[in-house]
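# Chains, contacts and geometry: an overview
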Amino acid sequence: MNTSLGRLRRLPVIGGVTAGAVLLLAGPAFAHVSVQPGTAEKGGYSTIAFKVPNEKNDASTVKLEVTLDQKHPLSSVTVQPVPGWDVKVEKTKLDKPLQTHGKTIDEAVSKITWTGGKIEPGQFQQFPLSVGQLPTDVDELVFKALQTYSDDDVVRWIDPSKPGGEEAEHPAPTLKLVAKADKAAADKGGKAADGKDAQAAPAAASSDKSEDSSDTTARVLGVVGIVVGIAGVAFGVLAGRRRSA
């Protein structure tokens, strides 16, 4: 009898440990600063947004700094206002001016900083930009981002992609650039102009879907863990009452 009661009393502890373990697994390991959408057409103009999730449970994101690749400067970068946030746009003199639409551009946006707002735990914020003219001689644009929290912690999303497709610990937000025909085929899920099958989804878009799927799985696991913990506690209380009776 005592052995059975001892086992019953241990159930709440087991339930609580299980819930904690599940919640740890459901943490924001897959959440990182990314570019939405993940692809854009070479030589064109595009509206993109930096998606910034808050990875902490005890601090808010209060600042985002994005540095643009000066090896591939953009002639046009405009910012869409984000309610509650102030934005500062910095420009740099170009060593080699750009020629676009009959005009000479001798400086380009090099850094954008958003401050004044808050991204609370469990939330995310998007920071939109209109960018162009996108280069035609590269396959991606890499943006380095610094995410600052209210506890003064700074997460540096600046790591380049690793060989073999393995994701870096703090990957830099990356915009994949594709040819017009490939972009249209990818959007339609059909074939490229040369008759070859288009990729089902660009690498960046696939990464975003994987992230969303991981976030959903994490939430489900978190709920399951909480339910298991509550059930364990309730069972232990009931066992204690029976013992007292």
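Anything mentioned here points back to the structure above.
Below, the structure is looked at part by part.

### Some thoughts on the overall build of the chain
- Of regular secondary structure, the chain possesses 3 helices and 12 strands.
- The buried share of the chain, taken over its 245 residues, is 36%.
- Partitioning the intrachain contacts of the chain with sequence separation of at least 6 by distance along the chain shows that 72% fall at a separation of at least 24.
- Here the chain displays about 14500 Å² of accessible surface, and carbon together with sulfur accounts for 54% of that area.

### Focus: the side chain of Ser 110
- Along the chain, Ser 110 falls in strand E7 (residues 103-119).
- Within the structure, Ser 110 has its side chain in polar contact with the side chain of Thr 92 (distance 2.8 Å).
- The contact partners of Ser 110, leaving out residues within four places of it in the chain, are Val 66, Thr 67, Leu 68, Gln 70, Glu 90, Lys 91 and Thr 92.

### Re the packing of aromatic side chains
- Counted under the stated rule, the structure contains 3 aromatic pairs.
- Pairing Phe 50 with Phe 143 gives two aromatic rings, centres 5.3 Å apart and planes at 80°, and the pair type is edge-to-face. Here Phe 50 is found in strand E3 (residues 46-53), whereas its partner Phe 143 is found in the loop between strand E9 (140-142) and strand E10 (144-149), with 93 residues between them in sequence.
- Residue classification places Phe 50 among the buried positions, given a relative accessible area of 0%.
- Classification of Phe 143 by relative accessible area gives buried; the value is 3%.
- Judged by centre distance (5.1 Å) and plane angle (90°), the rings of Trp 85 and Phe 127 are edge-to-face. Placement of Trp 85 in the loop between strand E5 (76-79) and strand E6 (86-100) and of Phe 127 in strand E8 (residues 124-132) is noted, with a sequence separation of 42 residues between them.
- A relative accessible area of 0% means that Phe 127 is categorised as buried.
- What links up through ring pairs into an aromatic cluster is the set Trp 85, Trp 114 and Phe 127.

### Thoughts on the pattern of salt bridges
- Across all of its chains, the model carries 7 salt bridges by this definition.
- Taking the shortest distance from any N to any O, the salt bridge between Lys 56 and Asp 151 comes out at 2.7 Å. Here Lys 56, found in the loop between E3 and strand E4 (61-67), pairs with Asp 151, found in the loop between E10 and strand E11 (154-157); they are 95 residues apart in sequence, far enough to count as distant.
- On the basis of relative accessibility, which here comes to 19%, the residue Lys 56 falls in the buried class.
- Lys 63 is the partner of Glu 65 in a salt bridge, and the nearest nitrogen-oxygen pair spans 3.7 Å.
- Here Glu 65 falls in the buried class, since its relative accessible area comes to 13%.

### Focus: the environment of Lys 88
- Relative to the helices and strands, Lys 88 is located in strand E6.
- Judged by relative accessible area, Lys 88 falls into the exposed class, the value being 51%.
- With 26 residues separating them along the chain, Lys 88 and Trp 114 place their C-alpha atoms 6.6 Å apart.
- Once you skip the residues sitting within four places of it in the chain, Lys 88 turns out to touch Lys 111, Ile 112 and Thr 113.

### What to know about the nonpolar core
- Grouped together as the largest cluster of nonpolar side chains are 31 residues, with contacts concentrated most on Trp 114, Phe 143 and Leu 175.
- Mapped by element, the contributors of at least two residues to this core are E3, E4, E7, E8, E10, E11 and strand E12 (174-178).
- At 4 residues, the largest contribution of residues to this core is made by E7.
- Once you skip the residues sitting within four places of it in the chain, Phe 143 turns out to touch Val 35, Ile 48, Phe 50, Val 66, Thr 67, Leu 68, Trp 157, Ala 172, Pro 173 and Leu 175.

Cut-offs and rules
- Residues numbered from 1 in each chain as written.
- Predicted model: local features only at pLDDT ≥ 70, side-chain atom pairs only at ≥ 80, totals over all residues.
- Heavy atoms only, no water.
- Helix = DSSP H or I, 4+ residues; strand = E, 2+ residues; numbered from the N terminus.
- Buried < 20%, exposed > 50% of the residue type's maximum accessible area, 1.4 Å probe, protein only.
- Contact = heavy atoms within 4.5 Å.
- Areas by Shrake-Rupley, 256 points an atom, 1.4 Å probe, with all protein chains shown as cover.
- Polar contact = N/O pair within 3.5 Å; in protein donor to acceptor, adjacent residues only side chain to side chain.
- Phe/Tyr/Trp six-rings, centres within 6.5 Å; stacked < 30°, edge-to-face > 60°.
- Salt bridge = Lys/Arg side-chain N within 4 Å of Asp/Glu carboxyl O.
- Core = buried A, V, L, I, M, F, W, Y, C linked by side-chain atoms within 4.5 Å.

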